[in-house]
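# Architecture at a glance
Listed below are the residues making up each chain.
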Amino acid sequence: MIKGYCESKIGKSHLLKNQLLQDYSKSIIINDNLAITAIADGVGSSKKSDIAAKIAVESVIDYLSKKALESNNYVDIIRESFFLARANILKNALDLDLPEECFDTTLDAVIFTSNEIYFGHCGDGGIIGLTLDGLYEPITARIKGTDGISVIPLRFGEKYWDFGKAFSKYSSVMLATDGVYDQIVINSIGIYVKFAELLMNLADQKYTDDELINHKNQAFEFLYASTSVTDDLTISVLYDYDKIPLRQSDDYYKIPDWKKLEKNQRDNLYINGDKK
Amino acid sequence: MDFKSLEGKMPSNLAQPHLACVLLVDTSNSMNDFGKIKRLNEGIKRFIKNVSEDENSKDKVDIAIVEFNSSVNIIQDFAPVTDVSSIDLVAEGATMMAEGLDRAIDLLTARRLKYASLGVPSYKPWIVLFTDGIPTDSKGYVESTQMINVSKRVKSEFEKGKLTVITVYIGDDLKEVTWENRKKNPSYYLSMVSTKKGILMLKDETFEGFFDWLSDSMRIISCSQVFDNPKLPPTSTKAVRVVSQQDLNDWMFEDIE
């Protein structure tokens, strides 16, 4: 049986400036063995990105919820849903007589079946899987501009989209926009396993629906209170209630030595920073 | 499972964006006049102190200080603002402004690549150019061609969204640019390289206000998302527009020909 949670919350910086929530997310559990989810992060500099994120997610969810019951070619239908999302955004831009770049957004989508992950990905958020062996794997890589910084939105087209079926068998999958994703997938260490575990290893908790909502609320409260993230926050988790992943050795869950990692980063950033 | 077990154990400083800012300072001989260099040293110290004490910006702002006179010198390579030691700039020599600006852009380009290679997000970097004169070569002869060339580099970086240049004239005698006076008028050269509308003019009474504005701007950017374009506070000293864009373009074109 598949269960999950999905939520987008406005970020601290957007709250301060009375801006709108620019993330959007939605999940539908179609049956015990099939669920779909999509998240989008409207690009901050783009005027109508909140609308774009909503159109993208609603388009994908609407399309997949119909097609996933008709076809097993999940990768193909996710790809089709991305084209549809982009077309719907463009149509909206034309209707409002605004350039398409006013509607820039990222987009991630997953079809989660019995322990398989099919995905579509565009932008600097990402998707993480928890295998039945108990390993946390990034399923996607951040897609950014050549400067390594700028966001590549859905508008840039298929060349910058990524689709596929993840290799392993999975107990759980998590989609996150960059504010959250960057707290979990960290360049210097890979996945911050302990944090990922709290967010997505839920099968052995046997949560009721109410407990699951409570867990989700705690996750967002924690992200607000304990991190420097000021961006909007989106997490969508789907998991197989009946498949508890194996436990790795304790070392695997050990919290990294952040102070040491920060020092290493600082050393690398300011290696020539002495007074001359 | 409880999120409380992770309190204080999040990688807050690893993924936070950085803001690179070069203070590009004219330390030519004329900066000794009317205590300008002294006021500038005090202003920079005030700025460093303000930013270092601000919770939002102190871990994000990286500062470099470059001076230009008869040569260009990196007084302080990029360092966290909290690590920038006390500076005491001394004024002497000519005004190699174009070379200074070139060096500042080189430094920022390298810094941006450094951020990208380490996966550190970064805001659009700043150059704040302080001067009281016109660009010269190392011997003190007016050098306009090189300044026009570097202005093209500034424009290109600005259009790619990779640079902000604030130009600050130290003195109260900015003149409107005319065809006749342009080559001896600081306004002509500062207008070429400013990415904002106008030149800021620092007089005795406006020094402190300007450096407070600069630190406030760093704070506001530090609180924003990398690709936001946050509204900065108004400056206490008004930006002066001393030449129309059309005249500036025409005259630069003629001067480079």
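Residue positions are counted from 1 within each chain, in the order its sequence is given. Going through the entries in the order they are written, you letter the chains from A and number the ligands from 1. Local features in a predicted model are, by the rule used here, given only for residues with pLDDT of at least 70; side-chain atom pairs are given and counted only at 80 or more, and totals for whole chains, interfaces and linings are based on all residues. With hydrogens and water stripped out, all remaining heavy atoms of the structure feed into the side-chain values.

### Some details on the overall build of chain B
Secondary structure summary: chain B contains six helices and seven strands in total. Helices and strands in chain B line up, N terminus first, as β-α-β-β-α-β-α-β-α-β-α-β-α. Atoms considered for the radius of gyration are the C-alpha atoms alone. The globule rule reads 2.2 Å times the number of residues to the power 0.38. Relative to a compact globule of 257 residues, whose C-alpha radius of gyration would be 18 Å, chain B shows 19 Å and is just as compact. Overall, chain B is about 75 × 35 × 30 Å in size when its C-alpha atoms are taken along their principal axes. Throughout, exposure labels follow a simple rule: accessible area from a 1.4 Å probe, protein chains only, divided by the maximum for the residue type, with under 20% read as buried, over 50% as exposed, and the rest as partly exposed. For chain B, with 257 residues in total, the buried portion stands at 55%. Contacts are residue-level and defined by heavy atoms, with any inter-residue pair within 4.5 Å sufficient. Across chain B, every contact between residues at least 6 apart in sequence was considered, and the portion connecting residues at least 24 apart equals 78%. Surface accessibility follows the Shrake-Rupley procedure with a 1.4 Å probe radius. Residue values consider only the protein chains on display as shielding. Working note: accessible area of chain B is about 10900 Å², and carbon and sulfur atoms make up 48% of it. Helix and strand definitions follow DSSP, with helices as H or I runs of at least four residues and strands as E runs of at least two, each counted in order from the N terminus.

### A closer look at the overall build of chain A
When you go through chain A residue by residue, the secondary structure sums to seven helices and 12 strands. For chain A, whose C-alpha radius of gyration is 19 Å, the value lies close to the compact-globule estimate of 19 Å for 276 residues. Overall, chain A is about 55 × 55 × 35 Å in size when its C-alpha atoms are taken along their principal axes. Buried positions account for 55% of the 276 residues belonging to chain A. For chain A, the accessible surface area stands at approximately 11900 Å², while carbon and sulfur atoms represent 49% of it. The charge count includes Lys and Arg as positive and Asp and Glu as negative, but it does not include His or the ends of the chains. For the purpose of locating charges, the reference atoms are NZ of Lys, CZ of Arg, CG of Asp and CD of Glu. For chain A, the centre of its 31 positive side-chain charges and the centre of its 41 negative side-chain charges are spaced 4 Å apart.

### Observations regarding the confidence of the model for chain B
The pLDDT value tells you how sure the predictor is about a given residue, anywhere from 0 up to 100. When pLDDT is averaged along chain B, the result is 88; 98% of the residues meet or exceed 70. Model confidence for the complex is summarised by a pTM of 0.77, with the ipTM given as 0.75.

### What to know about the nonpolar core
Here, nonpolar core means buried Ala, Val, Leu, Ile, Met, Phe, Trp, Tyr and Cys residues that are tied together by side-chain atoms lying within 4.5 Å of each other. If you look at the biggest cluster of nonpolar residues, it comprises 44 residues, and the most contacted ones within it are B:I127, B:M147, B:Y188 and B:M192. Here this core takes eight residues from helix α2 (residues 97-117) of chain B, the largest share from any one element. When sequence neighbours within four positions are dropped, the list of residues in contact with B:I127 reads B:V22, B:L24, B:L101, B:A104, B:I105, B:L108, B:L163, B:T164, B:V165 and B:I166. The next biggest cluster of nonpolar side chains, apart from the first, holds 40 residues, and it includes A:I186, A:M200, A:L202 and A:A203.

### Digging into the sheet that holds strand β7 (residues 239-240) of chain B
All names here are of chain B. Judged by pairing direction, the sheet is mixed, and its seven strands sit side by side in the order β3-β2-β1-β4-β5-β6-β7 without closing on themselves. Two strands in the sheet have a free side with no partner beyond their single neighbour: β3 (72-80) and β7. Two strands qualify as a pair provided DSSP detects at least 2 bridges between them. Pairing between strand β1 (residues 19-26) and strand β4 (residues 126-131): five bridges, direction parallel. Paired with L24 across the strands is L129, a residue of β4.

### Considerations on the packing of helix α1 (residues 36-52) of chain B against helix α5 (residues 207-222) of chain B
Residue and element names in this part refer to chain B. To get an axis, fit a line to the C-alpha atoms, keeping to the stretch in contact for a helix; angles then go from 0 to 180 degrees between the N-to-C directions. At their nearest, the axes of α1 and α5 sit 9 Å apart, and the two run at 30° to each other. Regarding the angle of α1 to α5, the classification is roughly parallel. As α1 packs across α5, the resulting crossing turns out to be right-handed. Note on element contacts: α5 touches α1 through F207, E208, F211, D212, L214, S215 and M218, opposite K36, R39, L40, G43, I44, R46, F47, N50 and V51. What sets the label is the angle itself: under 35 degrees gives roughly parallel, over 145 gives roughly antiparallel, 65 to 115 gives roughly perpendicular, and the rest give oblique. By definition, turning the near helix anticlockwise from the far helix through less than a right angle yields a left-handed crossing, and turning it clockwise yields a right-handed one.

### Things to note about the sheet that holds strand β9 (residues 170-176) of chain A
Residue and element names in this part refer to chain A. If you trace the five strands from one edge of the open sheet to the other, you get β1-β12-β9-β6-β7, paired in antiparallel fashion. The open sheet has two edge strands, β1 (2-9) and β7 (136-138), and neither has a second partner. Between one strand axis and the next, the sheet turns by 15° as a mean value, whatever way the strands run. Relative to strand β12 (residues 233-240), β9 runs antiparallel, the two being bridged by five bridges. Bridged to L175 within β12 is S236. Each of β1 and β12 touches helix α6 (residues 209-226); the most contacted strand, β1, lies at about 35° to it.

### So, the interface of chain B and chain A
Every contact between the two is made by 42 residues of chain B and, on the other side, 49 residues of chain A. Taken together, the two surfaces of chain B and chain A that pack against each other cover about 3900 Å², and 60% of this comes from carbon and sulfur. Throughout this description, the term salt bridge denotes a Lys or Arg side-chain nitrogen within 4 Å of a carboxyl oxygen of Asp or Glu. Counting the contacts that link chain B with chain A gives one salt bridge. Linking A:R266 and B:D83 is a salt bridge whose minimum nitrogen-to-oxygen distance equals 2.5 Å. We define a polar contact as two N or O atoms separated by no more than 3.5 Å, with the added condition that, inside protein, one atom must be a possible hydrogen donor and the other a possible acceptor, whereas residues neighbouring each other in sequence contribute only through side-chain atom pairs. Run the count over chain B and chain A and you get five residue pairs in polar contact (both at pLDDT 80 or more). Broken down by secondary-structure element, the contributors of at least two residues to the side of chain B that touches chain A are β3 and α2 of chain B. Considering every element that reaches the side of chain B that touches chain A, the biggest residue donor is β3(B), with seven residues. Under this grouping Gly is polar, as are all residues other than the nonpolar Ala, Val, Leu, Ile, Met, Phe, Trp, Tyr, Cys and Pro and the charged Asp, Glu, Lys and Arg. A class-by-class count of the residues in the side of chain B that touches chain A yields 19 nonpolar, 12 polar and 11 charged. Once two parts are joined, some of their accessible surface, as seen by a 1.4 Å probe, is lost; buried area is that loss totalled over both.

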